[in-house]
Amino acid sequence: MDTPANSKLQIRQIPVLNDNYVYLIHDPQTGATGVVDPAVVDPVVAQLDTEGWRLSHILNTHHHGDHVGGNLELKRKTGCTIVGPRADAARIPGIDVAVGEGDSYRFGGFEAKVFDVPGHTRGHIAYWFPDAAALFCGDTLFALGCGRLFEGTPAQMWASLSKLAALPDDTRVYCAHEYTAANARFALTVEPGNAALKARAEAIAKRRAQGLPTVPSTLAEERATNPFLRPDSPDLRRTLHLEGADAVAVFAETRARKDRF
Ligand code: ZN
Ligand code: FE
């Protein structure tokens, strides 16, 4: 029942800065090696050396410095191709290939499907590798949370999150920050009756106490416990006093409360 190792996308998670995750992805069949949102250079180069991989691609989700900070130096060192959001190409340093909603980008033997997911920034995109069940969603969807709305409206962000929430249950959510423990504390205040959330919050506290990452999670877990994907939850609606409201209004109020939390 084991899939041969050479048919799998290999993924390495590199914690950098305070709470960022940078990801290396590698297709052993073709040697294609990408880095998703290189905030910095040195830890990426160190991990590439450890693995014996040669960088061929940078995949950016959005323009923030903690996602593109390593772009130009990595490109200078390796000649890699930089892929990023078409809607924000002018703000992605060194961009070579601009992609957007509905595009498929071929990475080695794998296909990355691209979604436009505006809200955190106006040009944010996400990369979904269906054959690897992997979603790289930057600062749009977090474990038990979602990104702040710096350049978008609640309606935009809700539409973006809805696209991601429609992916298969076993999709692993490779988000760009380890915010999960704080997100769990907030989630419990708005959906106090969610038993799956309580269990997950305990598991998260244990992992963090041991210094272990809580990322990636699965989309099934997020749909069951992430309040930003659960505007239909009666418990959440009761807490917010929004029993009769539409999903966007419930999402907007949840996000506003998190901003003040
Ligand atoms: Zn960001
Ligand atoms: Fe970020």
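Scroll up for the structure.
To start, this report covers the structure provided alongside it. (Residues numbered from 1 in each chain as written. Chains lettered and ligands numbered in written order. Predicted model: local features only at pLDDT ≥ 70, side-chain atom pairs only at ≥ 80, totals over all residues. Heavy atoms only, no water.)

1. Brief notes about the overall build of the chain
Alright, step 1. When helices and strands are counted, the chain shows nine helices and 14 strands.
Alright, step 2. For 261 residues, the compact-globule estimate of 2.2 N^0.38 gives 18 Å, and the C-alpha radius of gyration of the chain, at 18 Å, lies within 12% of that figure.
Alright, step 3. Counting across all 261 residues of the chain, residues that qualify as buried make up 49%.
Alright, step 4. The long-range share in the chain, meaning contacts at least 24 apart out of those at least 6 apart in sequence, stands at 59%.
Alright, step 5. Looking at the chain as shown, the accessible area adds up to about 11,000 Å², and 52% of this sits on carbon and sulfur atoms.
Alright, step 6. Within the chain, the 31 negative side-chain charges are centred at a point lying 2 Å from the centre of the 28 positive side-chain charges. (Helix = DSSP H or I, 4+ residues; strand = E, 2+ residues; numbered from the N terminus. Rg over C-alpha atoms; globule rule 2.2 N^0.38 Å. Buried < 20%, exposed > 50% of the residue type's maximum accessible area, 1.4 Å probe, protein only. Contact = heavy atoms within 4.5 Å. Areas by Shrake-Rupley, 256 points an atom, 1.4 Å probe, with all protein chains shown as cover. Lys, Arg positive; Asp, Glu negative; His and termini not counted. Charge placed at Lys NZ, Arg CZ, Asp CG, Glu CD.)

2. Concerning helix 4 (residues 154-165)
Alright, step 1. Across its twelve residues, helix 4 extends 16 Å between first and last C-alpha, which sits within 8% of the 16 Å expected from 1.5 Å per residue.
Alright, step 2. Looking only at helix 4, the buried set comprises Met 157, Trp 158, Ser 160, Leu 161, Leu 164 and Ala 165. Buried positions in helix 4, seen along its axis, are confined to an arc of 160° and lie on one side of it. (Expected span 1.5 Å × (residues − 1). Arc of directions from axis to C-beta.)

3. Section: the layout of surface pockets
Alright, step 1. Quantified by volume, the largest pocket comes out at close to 270 Å³.
Alright, step 2. Along the wall of the largest pocket there are 18 residues; nearest its centre are Phe 142, Cys 146, Arg 148, Tyr 179 and Lys 258.
Alright, step 3. Taken together, the elements giving at least two residues each to the lining of the largest pocket come down to strand 12 (145-146), helix 5 (180-190) and helix 9 (247-260). (1 Å grid on protein atoms, 1.4 Å probe; cavity = no way out; pocket = protein on both sides within 12 Å on 5 of 7 lines; lining within 4 Å. Points joined across faces, edges and corners; volume = space filled by probe spheres on them.)

4. Describing the sheet that holds strand 5 (residues 81-85)
Alright, step 1. If you trace the six strands from one edge of the open sheet to the other, you get 1-2-3-4-5-6, paired in mixed fashion. Edge positions in the sheet fall to strand 1 (10-16) and strand 6 (97-99), since each has one partner strand and no second. Within this sheet the neighbouring strands show an average axis-to-axis angle of 20°, counted without direction.
Alright, step 2. Pairing geometry for strand 1 and strand 2 (residues 20-26), over seven bridges, is antiparallel. When the bridges of strand 2 are listed, Ile 11 appears paired with Ile 25. (Pairing = 2+ DSSP bridges. Axes fitted to C-alpha atoms, helices over the stretch in contact; angles between N-to-C directions.)

5. Details of the coordination of the zinc ion (ligand 1)
The textbook angles at a metal center are 109.5 degrees for a tetrahedron of four donors and 90 or 180 degrees for an octahedron of six.
Alright, step 1. Donor atoms from the polypeptide that coordinate the zinc ion (ligand 1) comprise His 62 (NE2), His 64 (ND1), His 120 (NE2) and Asp 139 (OD), at 2.2 to 2.3 Å from the metal.
Alright, step 2. Taken together, the four donor atoms coordinating the zinc ion (ligand 1) span angles of 86 to 172° at the metal, a pattern that classifies the geometry as irregular. (Donors = N, O, S within 2.8 Å, 3.2 Å for Na, K, Ca; no water. Tetrahedral: all angles 85-135°; square planar, octahedral: opposite > 155°, others 65-115°.)

6. Some details on the sheet that holds strand 10 (residues 134-138)
Alright, step 1. The strand order across the open sheet built from six strands is 7-8-9-10-13-14, with neighbouring strands paired in mixed fashion. Every other strand in the sheet has two partners, leaving strand 7 (104-107) and strand 14 (217-218) as the edge strands with one partner each.
Alright, step 2. Two elements, strand 9 (residues 125-129) and strand 10, share three bridges in a ladder whose sense is antiparallel. If you follow Trp 128 over to strand 10, its bridge partner there is Leu 135.
Alright, step 3. Of the strands in this sheet, strand 8 (110-116), strand 9 and strand 10 touch helix 4, which is tilted by about 155° from strand 8.

7. Some thoughts on the nonpolar core
Alright, step 1. Within the largest apolar cluster, 50 residues are counted, with the highest numbers of intra-cluster contacts made by Tyr 127, Phe 129 and Phe 136.
Alright, step 2. Core analysis: the next-biggest nonpolar cluster, separate from the first, contains 17 residues, Ile 14, Val 35, Leu 48 and Cys 80 among them. (Core = buried A, V, L, I, M, F, W, Y, C linked by side-chain atoms within 4.5 Å.)

8. Concerning the coordination of the iron ion (ligand 2)
Alright, step 1. Those protein atoms acting as donors to the iron ion (ligand 2) are Asp 66 (OD), His 67 (NE2), Asp 139 (OD) and His 177 (NE2), and they sit at 2.1 to 2.4 Å.
Alright, step 2. Between the four donor atoms coordinating the iron ion (ligand 2), the angles at the centre fall across 84 to 168°, so the site counts as irregular.
Alright, step 3. Here the donor residues for the iron ion (ligand 2) map to a single chain with the spacing D-H-x71-D-x37-H.

9. Re helix 5
Alright, step 1. Thr 180, Asn 183, Ala 184, Phe 186, Ala 187 and Val 190 are the residues of helix 5 that are buried.
Alright, step 2. Among the structural elements, strand 11 (141-142), strand 12, helix 6 (195-209), helix 8 (234-240) and helix 9 are those in contact with the buried residues of helix 5.

10. Observations concerning the packing of helix 5 against helix 6
Alright, step 1. Interhelical geometry of helix 5 versus helix 6 gives an angle of 155° and a closest axis separation of 10 Å. By the angle class used here, helix 5 and helix 6 are roughly antiparallel. In this structure, helix 5 meets helix 6 at a crossing whose hand is left-handed. On helix 6, the residues that touch Thr 180, Ala 181, Ala 184, Ala 187 and Leu 188 of helix 5 are Leu 197, Lys 198, Ala 201, Ile 204 and Arg 208.
Alright, step 2. Of the residues that constitute the contact of helix 5 with helix 6, the class distribution is seven nonpolar, one polar and two charged. (Parallel < 35°, antiparallel > 145°, perpendicular 65-115°, else oblique. Left-handed = near helix turned anticlockwise from the far one by under 90°. Nonpolar A, V, L, I, M, F, W, Y, C, P; charged D, E, K, R; others polar.)

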